[in-house]
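# Understanding the architecture of this molecule
Residues per chain are reported as follows:
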Amino acid sequence: MTDSFLREKPCRVLVTLRDQNTVWYLSKLARSANVTYVFIANFIPKLEKDGVVTTEIIGKKRVIKLSEKGKYLGSLIEDFRKKLLE
């Protein structure tokens, strides 16, 4: 039912990024959110432009973290999803 209101893949990515104990880089995020690497590689720059995530290059990896705005949006999406499943 959530796919009627929100697109599934972007929501999965934001909810996955809420786990702040994990260091997220593109391929790991793609696997955990069950989306393709190409989707993540195209989606993360859009989120960064909108101020939802920040990225930092460490070695050869680009590490992704939610900004305060992203944390807020992620929690809203998670709450919305829970309400729909009640």
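One can find the structure itself at the top, above this paragraph.
So, here's what we can say about the structure. (Residues numbered from 1 in each chain as written. Predicted model: local features only at pLDDT ≥ 70, side-chain atom pairs only at ≥ 80, totals over all residues. Heavy atoms only, no water.)

### Some thoughts on the side chain of Ser-67
The residue Ser-67 is located in the loop between β3 (61-66) and α5 (68-85) in this model. Here Gly-51 takes part through its backbone oxygen, which lies 2.5 Å from a polar atom of the side chain of Ser-67. (Helix = DSSP H or I, 4+ residues; strand = E, 2+ residues; numbered from the N terminus. Polar contact = N/O pair within 3.5 Å; in protein donor to acceptor, adjacent residues only side chain to side chain.)

### So, the nonpolar core
Counting 19 residues, the largest nonpolar core has Val-13, Leu-17, Leu-29, Ile-40, Ile-44 and Val-53 as the members making the most contacts within it. When contributions to this core are tallied by element, the ones reaching two or more residues are α2 (8-17), α3 (26-33), α4 (37-49) and β3. Apart from residues lying up to four places away in sequence, Ile-44 is in contact with Leu-26, Leu-29, Val-53, Thr-55 and Ile-64. (Core = buried A, V, L, I, M, F, W, Y, C linked by side-chain atoms within 4.5 Å. Buried < 20%, exposed > 50% of the residue type's maximum accessible area, 1.4 Å probe, protein only. Contact = heavy atoms within 4.5 Å.)

### Some thoughts on the pairing of β3
Two elements, strand β1 (residues 24-25) and β3, share two bridges in a ladder whose sense is antiparallel. In the sheet register, Tyr-25 faces β3, and the bridge partner there is Val-63. As judged from the six bridges shared by strand β2 (residues 53-58) and β3, these two strands associate in the antiparallel manner. The residue of β3 that forms the bridge with Thr-55 is Ile-64. (Pairing = 2+ DSSP bridges.)

What is shown is where atoms sit, not what they do.
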